[in-house]
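In case you want the letters, here they are:
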Amino acid sequence: QAAAGGGRAALRACGVHNVCRLLARRAHGFYARDAGVAHRKNLGLLRRIMCQESTKFKNVWTTHSASPIAYERGRIYMDNYQCCITSIAQQPRLIYQKSKCAKSEKIEDALLLECPLGEMLPSPSDYKASLIVLTVQNWLLRLSADSGEVLEKVYLAGSCCKFFRYLSWDTPQEVMIVKSAQNKLPAAARQAGIQQTVLFYLAVFQVLPLSFIGMLEINKKIFGNSVTDVAVSNGILIVMYSMGLVRLYNFKAILEQFMEQSFELGQEFNWNGQVGVVGKYPFGLPCNIKITDTPPLLFEASSLENAFQIGGYPWHYIITPNKKKHKGVFHICSLKDNALAKNGIQDMKCCSLEPDWIYFHPDMSGRIIHVGPNLIKVLKLKEVKNHADQMEIAEDFTIVANRENCVNNNVTVTASGRVVKKRFTLLDDDPEQETFKIVDYEDELDLLSTVAVTQIGADGRAHLDFHCNEHGILLKSIPLKESWDVTYSHEVYFDKDLVLHIEQKPNRRFSCYVYQMVCDTARDDD
C-alpha cells in the first residue's frame, strides 16, 4: 500500500496520469533522483554549447603514417595497434608505444570491449576497457586499452582451420564471432579432383569473462554449393549466395540443437582422437558444433549484391530487385507477409558514378535514411489511413545540398543569338557540385552529421554539418581545413566534442586530422 501510495504521489507530482508514460520517463532519466539524469543534463548542455555560433572546432593535431590508422572511443591506434594515442586530452598524447611486432604477430582485426554495467566480474582488469585483437597466426588476444598489456590469449586454430581473419559482434559487448577466411583449395588440388566442402568456420565466444561457446563449420553439403559469405547478427545466421539469395536461420537454435559437447577454455580434452587443452597451442579449439541437417529456414529473399536489411516497426526489410537495371532502386517490404509498403519503392533516379545508399536509422526510431548525391531523405513508417494492417512510407524531413550557384543548362544562347547545345550533362555527383559523402548519427548528443564536399580543380573543400535528428534543422557547420580529394578513401568520426578525419591516399599513405571544440575569443580566431 505504501508503495502504491508513493507511486500515485509520483504520478501527481510530475503531472503524468499514465503508468506506461511514467515508466518511460523514468527510463529516460527525467527525474532528479534517477540514475543517469546528471549525465543526460550534461550532454544537453554540451549540445547547446557546441551548437552556439561562437563555438568553433580547431585543428589541434595532425599526423601521417605508412600503416592504417584506427579510432575507437577516444583512442587513436597506429602501427598495427602497437601505438595508442588519446584524443580526449586538450592535445592528443601518447598512451603507450609497444615495440614493432613481427609479421607473424600482425593484427588482422580488432574490437573494443567495454565493461557491462551492474555485473560482478572475476578480475579487476575486466572493469576497464580492453581491446580484443585477432593475429595473423590465429591468436585471439585481449589487451589492456590503457597499456597494451596482454590480459588473455586464446589459440584458435587446431587441425580444422588455419585462417581466422574477422571479428564481429553477434550481440554487442556480449557475444563475439570469429570468422575464418573462405576455404579454397590450391589449383593443383582442384585439378586432382579433391573436393572442399567446408567453406567457413565460426568460433563463438561470450565476453567478460571470456568464455568459449563453440565452433561450427559452414558446409556445402548442408547450405549448398553457391554460398559466398556468412555473418551472424542479433542471434541470426545470415547465409549469402552467388545468385543474390539471402537466407536467415536461428543461430541460437543451431547452437542448442547441434552442439555435441561443451568445453571451457583451459579444459583438458580428448576429442576425436586428439588430446590437448582448449585454447592452448597447438590444439586450439575443438569444432564441437556439427550441423548434420539443414536448419529450419526463418526467411529468404533475393536481392542485388545480397543487399538486405531488417528494421523499423513493425518489422520491414529493404532489398534491391535482383537485376542490374534495378541498381539504385530500393523496395521496402513487410517482414510478416512480404507485402510492399505503400510508396515503398524508393528511387532517386540518380545519374552518378557512386550509387545512392539506404539504411535503417541507427537511433532505433524505426525511420529510414536514404542518401543521394545532393539529397538526404529521412523516411518513416506509418499506418495507412483506414487500413491499420497496411504501412506506408512518408517523408519525415529532407536535407538538400547547397547548389544555389550551380548552373547546368543544356542549351545556351550566344551574344549573336546562336543556340548552342551541350553534348553532355553533369553527373549528379560531379566534383564541382556540393555532394554528400558521409552521413552519421551521434547518439549521445542526438545529432545527425553530414559531410558535404565540393572540389574545384585539385583543391577539394569539405564541411561537417550537424542537424537536429528530430526535424533535420541545420544547427552547426564546421569547415575542415585540409584539402579533400574525392578519389581518396575517407572516414570522419564525430564523438561529442571531437571531430576526427582519417584519410587514405594511394600507396598506403594515411593521414589523421583531429579537431576539438574551443570557445571563440578575440585572441583566437580559429
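What you see is a predicted model, and the numbers here were worked out from it, not measured in a lab. (Residues numbered from 1 in each chain as written. Predicted model: local features only at pLDDT ≥ 70, side-chain atom pairs only at ≥ 80, totals over all residues. Heavy atoms only, no water.)

1. Quick notes on the UniProt feature "transmembrane region" (unreviewed entry) in the protein
Item 1. Per the UniProt record, "transmembrane region" (unreviewed entry) is found at residues 198-218 and 230-249.
Item 2. Along residues 198-218 the backbone is 0% helical and 81% strand, and the end-to-end C-alpha distance reaches 6 Å.
Item 3. Annotated as 0% helix and 75% strand, the span residues 230-249 places its first and last C-alpha atoms 11 Å apart. (UniProt positions renumbered as here; feature names shortened; annotations may be inferred. Helix = DSSP H or I, 4+ residues; strand = E, 2+ residues; numbered from the N terminus.)

2. Some remarks on the sheet that holds strand β15 (residues 236-241)
Item 1. Across the sheet, which stays open at both edges, the 4 strands sit in the order β14-β15-β16-β19 with antiparallel pairing between neighbours. The strands lining the two open edges of the sheet, one partner per strand, are β14 (227-233) and β19 (297-302). Between one strand and the next, the sheet's axes are offset by a mean angle of 20 degrees, whatever the strand orientation.
Item 2. Pairing of β14 with β15 involves 6 bridges; the strand directions are antiparallel. Bridge assignment links D229 to a residue of β15, and that residue is M240.
Item 3. Here helix α6 (residues 251-258) sits on the sheet in contact with β14, β15 and β16 (245-250), set at roughly 55 degrees to β16. (Pairing = 2+ DSSP bridges. Axes fitted to C-alpha atoms, helices over the stretch in contact; angles between N-to-C directions. Contact = heavy atoms within 4.5 Å.)

3. Structural notes on the sheet that holds strand β35 (residues 498-505)
Item 1. As summarised here, the arrangement of the 4 strands in space is β1-β36-β35-β34, forming an open sheet in which the pairing is antiparallel. Two strands bound the open sheet, and with one partner strand each, they are β1 (55-65) and β34 (489-495). Across the sheet, the mean angle from the axis of one strand to that of its neighbour is 15 degrees, orientation sign disregarded.
Item 2. Note: β35 against strand β36 (residues 509-519), 8 bridges, orientation antiparallel.

4. Concerning α6
Item 1. Along α6, the residues classified as buried are F251, I254, L255 and F258. Each buried residue of α6 lies within a common arc of 100 degrees when the element is viewed along its axis, so the set occupies one face. Along α6, exposed side chains directed more than 90 degrees from the buried face belong to K252, E256 and Q257.
Item 2. By the N-cap criterion, in which a side-chain oxygen at the helix start approaches the backbone nitrogen of a residue two or three places on, α6 is capped by N250, the distance to K252 being 3.1 Å. (Buried < 20%, exposed > 50% of the residue type's maximum accessible area, 1.4 Å probe, protein only. Arc of directions from axis to C-beta. Polar contact = N/O pair within 3.5 Å; in protein donor to acceptor, adjacent residues only side chain to side chain.)

5. A short note on the pattern of salt bridges
Item 1. Applying the stated criterion across every chain, the model contains 16 salt bridges.
Item 2. A salt bridge links E108 to K106; its shortest N-O distance comes to 3.8 Å.
Item 3. Given the relative accessible area of 40%, K106 is considered partly exposed.
Item 4. A salt bridge links E300 to R247, with the nearest nitrogen and oxygen atoms 2.9 Å apart. Taken together, the residues span a long stretch of sequence, with E300 in strand β19 and R247 in strand β16 at a distance of 53 residues.
Item 5. The partly exposed category is assigned to R247, whose relative accessible area is 25%.
Item 6. Bridged by salt links that share partners, the residues D363, R367, K380 and D396 form one connected network. (Salt bridge = Lys/Arg side-chain N within 4 Å of Asp/Glu carboxyl O.)

6. Regarding the nonpolar core
Item 1. The biggest cluster of nonpolar side chains holds 30 residues, and the ones touching the most others in it are L140, L156, F164, M176, V178, F205 and L285.
Item 2. Among the secondary structure elements, those contributing two or more residues to this core are β6 (107-113), β7 (130-135), β9 (150-155), β10 (164-171), β11 (175-180), β12 (198-206), β13 (211-219) and β17 (268-271).
Item 3. The biggest single contributor to this core is β12, with 4 residues.
Item 4. Contact partners of F164, with chain neighbours within four places excluded, come to L134, T135, N138, L156, A157, V178, K179, S180, Y201, A203 and M215.
Item 5. Counting 24 residues, the second-largest nonpolar core is a separate cluster that includes L245, I254, I289 and I291. (Core = buried A, V, L, I, M, F, W, Y, C linked by side-chain atoms within 4.5 Å.)

7. Looking at unusual backbone geometry
Item 1. Of the consecutive residues Y281 and P282, the connecting peptide bond is found in the cis state with omega at 5 degrees.
Item 2. In this structure, L208 takes a positive phi of about 50 degrees despite not being glycine.
Item 3. As for its placement among the helices and strands, L208 is situated in the loop between β12 and β13.
Item 4. Classification of L208 by relative accessible area gives buried; the value is 6%.
Item 5. With phi around 55 degrees, R508 is a residue other than glycine that occupies positive phi space.

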